[in-house]
Each structure stands twice: as C-alpha cells, then as structure tokens.
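Below, each chain spelled out in residue letters.
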Amino acid sequence: MGVSSQQNRMARWLIGGFVGVVTLLGVILLTSWVTLQLSGHSSQTPRPDGNLMATGEGDVSKVVAKVSPSVVSILTTKEGTYSDKMGAGTGVIVSSDGYILTNKHVVRDARRVRVVTSNGDQFTNITFVGADPLNDIAFLKINGASNLPVAELGNSGTVKVGQRVIAIGNSLGQYQNTVSSGIVSGKGRPVAAASDRSGLKTESLTDLLQTDAPINLGNSGGPLINMAGQVVGINTAIASDAQSIGFAIPINAVKGMTRSVMAGKGVQKAYLGVRYVAITPDIQAEYDLPVKSGAYVDGKSDSAIEKDGPADVAGVKKGDIITKINDKKVGEDGGLSTLVSEFLPGETVCVSVLRDNKELTLELTLSAYQAQN
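Now for a quick tour of the structure.

Conventions adopted
- Residues numbered from 1 in each chain as written.
- Predicted model: local features only at pLDDT ≥ 70, side-chain atom pairs only at ≥ 80, totals over all residues.
- Heavy atoms only, no water.
- Buried < 20%, exposed > 50% of the residue type's maximum accessible area, 1.4 Å probe, protein only.
- Helix = DSSP H or I, 4+ residues; strand = E, 2+ residues; numbered from the N terminus.
- Contact = heavy atoms within 4.5 Å.
- Salt bridge = Lys/Arg side-chain N within 4 Å of Asp/Glu carboxyl O.
- Pairing = 2+ DSSP bridges.
- Phe/Tyr/Trp six-rings, centres within 6.5 Å; stacked < 30°, edge-to-face > 60°.
- Lys NZ or Arg CZ within 6 Å of the ring centre and 35° of its normal.

Here the focus is helix 4 (residues 255-262). Think of an α-helix as turning once every 3.6 residues; residues three or four places apart then point the same way. Looking only at helix 4, the buried set comprises Gly 256, Met 257, Thr 258, Ser 260 and Val 261. The secondary structure elements touched by the buried residues of helix 4 are strand 5 (99-102), strand 8 (126-131) and strand 9 (138-142).

In this model, Asp 356 sits at a positive phi of 55°, which is unusual for a non-glycine residue. Structurally, the position occupied by Asp 356 is in the loop between strand 22 (348-355) and strand 23 (358-365). Positive phi outside glycine occurs at Asn 357, with the angle close to 65°. Position of Asn 357 among the secondary structure elements: in the loop between strand 22 and strand 23. The class for Asn 357 is exposed, based on a relative accessible area of 62%.

What follows deals with the pattern of salt bridges. Counted by the stated rule, this structure contains seven salt bridges. A salt bridge links Glu 152 to Lys 66, with the nearest nitrogen and oxygen atoms 3.0 Å apart. Taken together, the residues span a long stretch of sequence, with Glu 152 in strand 10 (residues 152-153) and Lys 66 in helix 2 (residues 55-67) at a distance of 86 residues. Residue Lys 66 is classed as partly exposed on the basis of its relative accessible area of 43%. For Lys 329, the salt bridge is made with Glu 332, and the minimal N-O distance between the two is 4.0 Å. Its relative accessible area of 39% is what places Lys 329 among the partly exposed residues. The class for Glu 332 is partly exposed, based on a relative accessible area of 48%.

Let us now look at the pairing of strand 3 (residues 71-78). Across the eight residues of strand 3, seven count as buried, placing the element largely inside the fold. Strand direction decides the pairing type here: strand 3 and strand 4 (residues 85-93), joined by eight bridges, are antiparallel. Residue pairing in the sheet places Leu 75 in a bridge with Ala 88 of strand 4. Counted along the chain from strand 3 to the antiparallel partner strand 4, the turn is six residues long. Where strand 3 lies against strand 6 (residues 110-116), six bridges are found, and the strand directions are antiparallel. Bridge pairing in strand 6 links Leu 75 to Arg 114.

With that settled, the discussion passes to the pairing of strand 8. Two strands pair when backbone bridges link them, and strand 8 and strand 9 are joined in this way by five bridges, in the antiparallel orientation. Within strand 9, the residue paired with Phe 128 across the bridge is Leu 140. The loop that links strand 8 with its antiparallel partner strand 9 comprises six residues.

A few words now on the packing of aromatic side chains. One pass over the full model with this rule turns up two aromatic pairs. A ring pair is formed by Tyr 271 and Tyr 369, whose centres lie 5.9 Å apart and whose planes are at 85°; its orientation type is edge-to-face. Residue Tyr 271 is located in strand 17 (residues 270-271), and its partner Tyr 369 is located in the segment after strand 24 (367-368); the two are separated by 98 residues in the primary sequence. Judged by its relative accessible area of 17%, Tyr 271 is buried. Overall, the relative accessible area of 26% leaves Tyr 369 in the partly exposed class. Considering the side-chain rings of Tyr 287 and Tyr 296, the 4.8 Å spacing of their centres and the 50° angle between planes classify their relative orientation as tilted. According to the relative accessible area criterion, Tyr 287 is buried, its value standing at 17%. In this structure, Lys 141 packs its charged tip against the face of Tyr 99, placed 5.4 Å from the ring centre.

Structural data, given as structure tokens:
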C-alpha cells in the first residue's frame, strides 16, 4: 500500500528582534527535522495504542472499515457430472432489505446459495432475482432481511487512470473480505473472459476498468472502491497469463438495473437498438472518422439499426457517430452501453450525433432489452 508523502516542503524560521544562542543539540535536531521533510517521509499520526500510523495507511483502513460490512461472501452448490461442485464468490449489499449485486458467473446454475456477512451472519433463504442479459451481472435477495449495511455507489465516469483503488473479496473462496489495493491502470478495456472453470465458455465484456489491485479467484462480484469509500466497479475477471492485471465492470453500467430491482421490477436493461463500434485510433483510421472518440453506428452493416427500435424511431442513421448521452461524453465518461445502462427502460435521453460533420441532438425514449432465444 502506498504512503502519502510531504515533498518540497520548506520550513521558514522568522526571527524578530531577538538572537538566541543556538546549541549544538539544536542544530542536530533542526537538521534531522529538515532532512526528514525533504526526503519525502510521510506524516504520521498516533494510534490509540500509542503506535504511529502513516497517513496513507490510515486512509485505507478507514475506507475498509466503511465498506467491509456491506461486502458478503457467496457460497454456491452446483450440480456436477458425478457429484455436486462447491463454488465461492463475493457480493455487495445494495439495499438494507437484502438485495445483493454480484457476478452472473458466480451464481449461474447454482442449486443452493449461502450468503455470509462480514460479521459471520449466515443466510440460506436466498432468491435469484435475475441477471443482465449482456453483462456479467446478477442480483440476489436475502429474504426477510432488514437493516443491513449498504454500500455507497460512486460514479465510475469520473474515475481517472492512476487513481488509487481498493478491492475487497472472498479470495480463493476461503479468505473472507480480503483487502488489496492498487491503482486504475486503464479504462474502456474489452475482455473475452472465461465464464466457467473449464475455460471452454467465454463471455465478451466491454468498457471495463483495468486495475493492478490484486484480484484472485473468489473475488468475483466484489467491489472496487475509491478512496472516498464508494463502489466504482464490480470485480469480474483477471488476466491468467499476466500479473497485476484485473478487470472490473464500471458501476454506472448497473445503476439502471439496480434501480429497477429495488423498485421490485426485476432486472430491466435499457437499450438503444443500434450496432456500433467504439471509436479507437484504429477504428478512426479504418473508417476515416473526423473524431477520436464516440460510438460509430456501422454504416457498412445492414442491421446497424433495429427497425422500429428506439434509435430508429428517434432518427439515428447508419454512419452517425454518437458523441453524447445527455451531457456525458461517449468514451470520456464511459462507453455507450455503460452510459445507456444508467437509465431505466421508458426514460427519455438526449442523444448527440455527428452526421456529415454537423452535430444533431435527438430525443430518444429507451426500451427494455429482450434477450433473443
């Protein structure tokens, strides 16, 4: 864990009308003090037990103390070929009456689910509420629960590369509420993640936060937290062939569904009804686009716009570049799917598009995504 430093700090002594005799001891003490300041040593504060604690260490411990009570371990039993298989993951309490946010792959096909809180309370009367049809997100409900500690959801759109973050999870399925820290290493990452232990099934995930905070098996579904103690992501995958590369789903991508679930409407996912590609330097060059970010509605695809879908009704055309959803910029504040997922089906948003180098603003009413059979 990093420790905050006090660098380039200057001490100025003001002497007014009095010249004292400086003893050798005083010179030594002053020299030592200045050396400590200029060498970048962190400030320290006393603990109640009299020991010293670095400022950065105290910041982490405060964040962990705030968030840990709302982090739960999820233990599952799944049917295997010859015998039942035990699984483990992590979840985040998002309502005081027991709604839990986790990864879809943690609870998929589970016959039984047990939830263990940070203080050791166990719950077995669990309902599977539903899952995101396009993302690795699912919701559980502890039936009959009340007064549970709730995690505060942050704004993943404001996360910066290099920002310090903390991960909490049920590491390896046996080390409950393990804490690790690191930074945000990248944003908007696409990943093809294995959705089962065999690695044969994969799931394509987009717009992920990349972090070097150590994430292990069992951490799936746990929170990635900023230093304000807010959840900015849900840990979902690790790069198995690398070190210190983990990925989290940005929390804004689940806010609309979370509101839907807590309103008792189940998992409802808003969608636009377009096929698009996120603009990267390669995409910009390939299609000769006039901007460096946004979502390009692929003009080469006949199915780029769903007939009579929300985008079609609003007037979005093939070849348009979607640059904003309301006042949030596509790419800078999150991928298009993430920005849309902040809303509920039926809500109306303003979509800014670039067409023939002219910016247009279209009013669009979102619909509910229907999974294709």
